[in-house]
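Reading the structure
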Amino acid sequence: ELAQVPSEQRAAWEKYTVPEGNDVDSIARSIVHHTTTTLARTPYNMDDFGGYQATAHSVRDKLIQDWNETQQYHTIKDPKRVYYLSLEFLLGRAMDNALLARGLKEPYTEATKQLGFKIEDLLEEERDAALGNGGLGRLAACYMDSLATLDYPAWGYGLRYTYGIFQQKIVDGYQNEVPDYWLTYDNPWELPRLDISIEVPFYGHVSKYSDENGRTRHKWEAGEIVQAVAYDVPIPGFDTNNTINIRFWSSKPRKEFDLAYFNSGDYNRAVEDQKKAENITSVLYPNDNHMVGKELRLKQQYFWVCASLHDIIRRFKKTDRPWSEFPDQVAIQLNDTHPTLAVPELMRVLVDLEGLEWDEAWNITTRTFGFTNHTVLPEALEKWSVPMLEHLLPRHLQIIFDINLFFLQTVEKTFPNDRDLLATVSIIEESQPQSVRMAFLAVIASHKVNGVAALHSQIIKDTIFAPFIKVLGPDRFTNKTNGITPRRWLHQANPDLSNLIAKKLGSFKFLKELSLLDGLSKYANDEAFQKEWMDIKYKNKVRLTNLIKERTGIEVNPNALFDIQVKRIHEYKRQFMNILGVIHRYANLKKMNAAQRKAVVPRVVIFGGKAAPGYYIAKLVIKLINSVGEKVNNDKDIGDLLKVVFIPDYNVSVAEVIIPANDISQHISTAGTEASGTSNMKFVLNGGLILGTVDGANIEIYEEIGDDQIFLFGARSEQVEDLRHVQRYRNVPMNPELQAVIHLIENGTFGESHIFQPLINTITVGKDYYLISVDFGSYLESNELVDEAFKDKKAWAQKSILCTARMGKFSSDRAIKEYAEDIWNIDPVPVPDKK
Ligand code: GPV
């Protein structure tokens, strides 16, 4: 990679290396240049999309240069690197982010203006990169932003899905899914690396042989080989030239044509079959917090893990270090269990291909991997059937069984005659057929296992991984509370607020040191500042009002309280409870006389989020929200006092409009079910209060912002198990207010009631797994407290400012530093400035 240009030509290279200027003229010139060459268009046939594309290519040029310098510098320095393996990266749009990161927003605004564009319109032309489902994928994106910004030598590895998360259309109140074919036009934010391609084997069989030292070795003869081709996406750090990389693999038929087919002479069939290779990376599985045991998904996982590990190993091998130093050069973080096949794959490479002894290989493996768990929901824990694994990856299955055998032997030594213990910690579950518990494999093979918020990290130690504390000791488990990048979620999404904060604090330093926001606290009571602050909030609410009108036709009043719940639709997140609460509010309003209505705080209840296409109950929740909205929004009695909005196709770029407009946001999962939540952090950072349960990161947010800024309610996680038992086995009557609400649905107030029966059935006596009836009373009370608080405008403004001021802890920079220091053992490697 560092092959030198011969000295005679070096001067020429230097002479022609003319750095492009960042002044308005040079920028305009590069945009025009890309218009006429890259796009082959002329000033006479331009539109906003062309303007976006040409501008994007101009920005891309700059990123590529920074990217090159960073990668070259890291190659020379050869520090320990971290590799973040994630099946999802929910990046959203790239252009605004890149302009802000490089401090080029202003000259690009001016240059595009001179060419006849409005930059806001160009930015709107970009399609989201939506290669993720929800929180887990967006967390990966925030972490890449922080790794770049903090100058860490880091790479991400993912899959280049042809179809990202589906687009959601609402038809007659129901969710319809439309494929997200996001690569229709060229994607300027990726660099195809067609020269970098790795062969990934599948199927086949394993044979044994004796090597020159008389040792038994294994050889895997694959039945199918697929090519992995690299596409690199540069991730610019903010206010640093450091530009890191996410390498996305795409599956292609292999270059060498299969000989057997060739000889059979069936050319068409051969081409057909080879084309099937492209299926592997064609679609992102649209399930959040839920596993579906499809072979194609397993194939995706191995394809990705195999290509990534071979790439990492190839880079390591260039420096001629002994294998024992691998963990001193390489840290690999497993984002959930999705990449856990990297464990047997690394063992296979070390033992089968490189000839290391098992114990040494195992030592290297465990020192290399760290594992992040993101859920305790049983339906989300990955288990792969042994026969399926055996068929697809015969050698890996053997290795997994060996890992298990050696592990159980050490357990047996320390805890003799404890058969139950052996069965509980076994990687293999003795089901019909047997299955592999991927989380157990990841725990056993990683030197650190972390949860994503304090409560969650405690719960995994007390429940799903409890026996491993006994067996592996407590030191393997740690907490790394999630964080979010303030660059996108404050500076980019809410530029007015970011500018106001900078004016008040004297600089934009807070964007890289978020605790500096604390400096706002002393102005929380300052009336003039409150006015500036709330004016911006109002402007953001108008912006959202316009989006709502555009996307749903519903008109809402920006003076009303904006109450928002946007996230994947899931029973455990309890959007159902929210809409039931809305019905209760509606019924109350209907009972009031005119004088009583005068005293009511007008509220806009806003929902957004996708349901997994096969998740019937979640889809019914969407239908119910829309049916309630239809009724309430058209009720002349109600007017502005209550509006119910479902914003279709919630995604990252829509979130950037929604979040800055919140007065309050809801995070109301049954205690103990939401591992962390990250949108809670985004809403509060943008000056919103929280209505939430004592769950996930809500608890740590409460500790930071204080109980005047957050409305917590509901059962505590320690009570949930008992409460469920009581709900299930005793005949507890339903909360009477809830009963009344259910009655309204059943009597047809919101349209044909039979549609909703399966949804209602989930909470009727003997069920209610997510404890809606148990929490409903305290939920309604908290909602009343919210109304009361909102009436005092001055107090509310103060709370809003304090929310933002106290969010320092939740920067993803803090989270990433903790990972770097406690798990990865890596240091920043800042690229020196050219000048
Ligand atoms: I497992 N999460 C997600 O978005 N998808 C998943 O498949 C799984 C977890 C989420 C959790 O639900 C959130 O609580 C958490 O904040 C997020 O991962 C990031 O850790």
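Residues numbered from 1 in each chain as written. Predicted model: local features only at pLDDT ≥ 70, side-chain atom pairs only at ≥ 80, totals over all residues. Heavy atoms only, no water.

The helix and strand tally for the protein chain stands at 34 helices and 24 strands. Taking 835 residues into account, the globule formula puts the C-alpha radius of gyration at 28 Å, and the protein chain, at 28 Å, falls close to it. Based on the C-alpha atoms only, the size of the protein chain along its principal axes is roughly 95 × 75 × 60 Å. Summarising the internal contacts of the protein chain: among those between residues at least 6 apart in sequence, 78% fall at separations of at least 24. With an accessible surface of roughly 33,900 Å², the protein chain has 51% of that area assigned to carbon and sulfur atoms. (Helix = DSSP H or I, 4+ residues; strand = E, 2+ residues; numbered from the N terminus. Rg over C-alpha atoms; globule rule 2.2 N^0.38 Å. Contact = heavy atoms within 4.5 Å. Areas by Shrake-Rupley, 256 points an atom, 1.4 Å probe, with all protein chains shown as cover.)

Taking strand neighbours across the sheet as the criterion, the three strands line up as E14-E16-E15 in an open arrangement whose pairing is antiparallel. Each edge of the open sheet is held by one strand with a lone partner, namely strand E14 (383-385) and strand E15 (428-429). In the sheet, E15 pairs with strand E16 (residues 435-437) via two bridges, with the strands oriented antiparallel. Note that in E16 the partner of Glu 429 across the bridge is Ser 435. Along the sheet, helix H17 (residues 438-445) makes contact with E14 and E16, crossing E16 at roughly 45°. (Pairing = 2+ DSSP bridges. Axes fitted to C-alpha atoms, helices over the stretch in contact; angles between N-to-C directions.)

Here Asn 187 shows up in the loop between strand E6 (174-181) and strand E7 (191-202). Polar side-chain contacts of Asn 187 include one of 3.0 Å to the backbone nitrogen of Trp 189. What Asn 187 contacts, discounting residues up to four positions off in sequence, is Arg 60 and Trp 182. (Polar contact = N/O pair within 3.5 Å; in protein donor to acceptor, adjacent residues only side chain to side chain.)

Attention now moves to helix H23 (residues 575-591). The α-helix winds at 3.6 residues per turn, so residues separated by three or four positions along the chain end up facing the same way. Taking 1.5 Å per residue as the helical rise, H23 with its 17 residues ought to reach 24 Å, and the 25 Å between its terminal C-alpha atoms agrees with that figure. Counted residue by residue, H23 has 14 buried out of 17 residues, so it is predominantly covered. (Expected span 1.5 Å × (residues − 1). Buried < 20%, exposed > 50% of the residue type's maximum accessible area, 1.4 Å probe, protein only.)

Going from Gln 432 to Pro 433, the amide bond is cis rather than trans, its omega being -5°. In this fold, Pro 433 is placed in the loop between E15 and E16. With a phi close to 45°, Asp 78 is a non-glycine residue in the positive phi region. Among the residues examined, Asp 78 registers a relative accessible area of 16% and is labelled buried.

The next point concerns empty space enclosed by the protein. In this structure the tally under the stated criterion is seven cavities of 30 Å³ or more. Estimates place the volume of the largest cavity at around 890 Å³. When residues of the lining of the largest cavity are traced back to their parent elements, those giving at least two are helix H7 (135-149), helix H26 (652-658) and helix H27 (679-685). The element contributing the most residues to the lining of the largest cavity is H7, with four residues. Here the residues of the lining of the largest cavity are counted per class, giving 19 nonpolar, 18 polar and 13 charged. Both domain 1 (78-93 + 128-480) and domain 2 (520-820) contribute no fewer than three residues apiece to the lining of the largest cavity. (1 Å grid on protein atoms, 1.4 Å probe; cavity = no way out; pocket = protein on both sides within 12 Å on 5 of 7 lines; lining within 4 Å. Points joined across faces, edges and corners; volume = space filled by probe spheres on them. Nonpolar A, V, L, I, M, F, W, Y, C, P; charged D, E, K, R; others polar. Domains from an automatic or database assignment.)

With that settled, consider the environment of Val 82. Its location among the elements puts Val 82 in strand E1 (residues 81-85). Owing to a relative accessible area of 1%, Val 82 belongs among the buried residues under this scheme. Residues Val 82 and Arg 297 lie 215 residues apart in sequence; the distance between their C-alpha atoms is 25 Å.

The strands making up a sheet associate through backbone hydrogen bonding, with each pair oriented either parallel or antiparallel. Across the sheet, six strands lie side by side as E21-E20-E19-E22-E23-E24; this open sheet has parallel pairing. Of all the strands in the sheet, just strand E21 (642-647) and strand E24 (710-713) have a single pairing partner and so form its edges. Put simply, the sheet's adjacent strands are angled 20° from each other on average, direction ignored. Here strand E22 (residues 664-667) pairs with strand E23 (residues 689-693) via four bridges, running parallel. Paired with Ile 664 across the two strands is Leu 689, which belongs to E23. Along the sheet, helix H25 (residues 616-633) makes contact with strand E20 (603-608) and E21, crossing E21 at roughly 145°.

Lining the immediate environment of the ligand, one finds 17 residues, of which Leu 136, His 374, Asn 482, Glu 674 and Gly 677 sit closest. Leu 136 is positioned with one of its backbone polar atoms (N or O) 2.9 Å from an oxygen atom of the ligand. Between the ligand and Asp 288, the relevant distance is 3.1 Å, taken from an oxygen atom to a side-chain nitrogen or oxygen of the residue. Protein contacts shield 96% of the accessible area of the ligand, which totals 460 Å² for the unbound molecule. (Near = heavy atom within 4 Å.)

As a further point, take the nonpolar core. One recurring pattern in soluble globular proteins is that nonpolar side chains are buried together. Counting 237 residues, the largest nonpolar core has Phe 202, Trp 249, Phe 465, Leu 544, Leu 580 and Trp 824 as its most contacted members. Among the elements that line this core, the one with the most residues is helix H10 (residues 295-317), at eleven residues. Here this core spans two domains, since at least three of its residues come from each of domain 1 (78-93 + 128-480) and domain 2 (520-820). Filtering out sequence-adjacent residues up to four positions away, Leu 544 remains in contact with Phe 562, Ile 564, Ile 606, Ile 647, Val 657, Ile 658 and Ala 661. (Core = buried A, V, L, I, M, F, W, Y, C linked by side-chain atoms within 4.5 Å.)

Moving on, we get to the pairing of strand E2 (residues 89-92). The alternating pattern of E2 places Phe 89 and Leu 91 and Leu 90 and Gly 92 on opposite faces, both of which are buried. Here two bridges tie E2 to strand E3 (residues 129-131), and the two strands are oriented antiparallel to one another. Counterpart to Gly 92 in the pairing with E3 is Ala 129.

Quick look at the pairing of strand E12 (residues 330-335) now. Across the six residues that make up E12, a large majority, six, are buried. The alternating pattern of E12 places Val 330, Ile 332 and Leu 334 on one face and Ala 331, Gln 333 and Asn 335 on the opposite face, and all of these are buried. Alignment of E1 against E12, held across five bridges, turns out to be parallel. Across the sheet, Tyr 84 pairs through a bridge with Gln 333, a residue of E12. Where E12 meets strand E13 (residues 369-372), four bridges bridge the pair, whose relative direction is parallel. Among the inter-strand pairings, Gln 333 is bridged to a residue of E13, identified as Gly 370.

At a minimum axis distance of 9 Å, the contact between H7 and helix H34 (residues 812-824) shows a crossing angle of 75°. With respect to H34, the element H7 is oriented roughly perpendicular. When H7 is examined against H34, the residues Cys 142, Tyr 143, Ser 146 and Leu 147 are found in contact with a partner set consisting of Ser 812, Asp 813, Ala 815, Ile 816, Tyr 819 and Trp 824. Per-class residue counts for the contact of H7 with H34 are seven nonpolar, two polar and one charged. (Parallel < 35°, antiparallel > 145°, perpendicular 65-115°, else oblique.)

Here we come to the packing of helix H32 (residues 772-791) against helix H33 (residues 793-805). Across the interface, H32 lies against H33 with an axial gap of 5 Å and an inter-helix angle of 105°. With respect to H33, the axis of H32 lies roughly perpendicular. Counted together, Val 786, Ala 789, Phe 790 and Lys 791 of H32 and Lys 793, Trp 796 and Lys 799 of H33 form the full contact between these two elements. Among the residues forming the contact of H32 with H33, the class breakdown is four nonpolar, no polar and three charged.

To continue, consider a nonpolar patch on the surface. Together, Tyr 163, Tyr 181 and Val 283 make up a nonpolar patch on the protein surface, roughly 230 Å² of accessible area in all. In this fold, Tyr 163 is placed in strand E5 (residues 163-171). (Patch = residues over 30% accessible without salt bridge, like charges linked within 9 Å, V, L, I, M, F, W, Y side chains within 5 Å. Salt bridge = Lys/Arg side-chain N within 4 Å of Asp/Glu carboxyl O.)

Further remarks concern the domain arrangement of the protein chain. What the domain assignment reports for the protein chain is domain 1 (78-93 + 128-480) and domain 2 (520-820). Taking the mean C-alpha position of each, domain 1 and domain 2 sit 36 Å from one another. Contacts between the two partners involve 45 residues from domain 1, matched on the other side by 44 residues from domain 2. Summing both sides of the interface, domain 1 and domain 2 together bury roughly 3,600 Å²; the carbon and sulfur share of this comes to 60%. Applying the counting rule to domain 1 against domain 2 returns one salt bridge. For Lys 619, the salt bridge identified is with Glu 177, shortest N-O distance 2.8 Å. Inspection of the region where domain 1 meets domain 2 yields 16 residue pairs in polar contact (both at pLDDT 80 or more). Mapped by element, the contributors of at least two residues to the side of domain 1 that touches domain 2 are E2, H7, E5, E6 and helix H18 (454-462). In terms of residue count, the dominant contributor to the side of domain 1 that touches domain 2 is H7 (seven residues). Looking at the side of domain 1 that touches domain 2, its residues break down into 19 nonpolar, 18 polar and eight charged. (Buried area = accessible area lost by both parts, 1.4 Å probe.)

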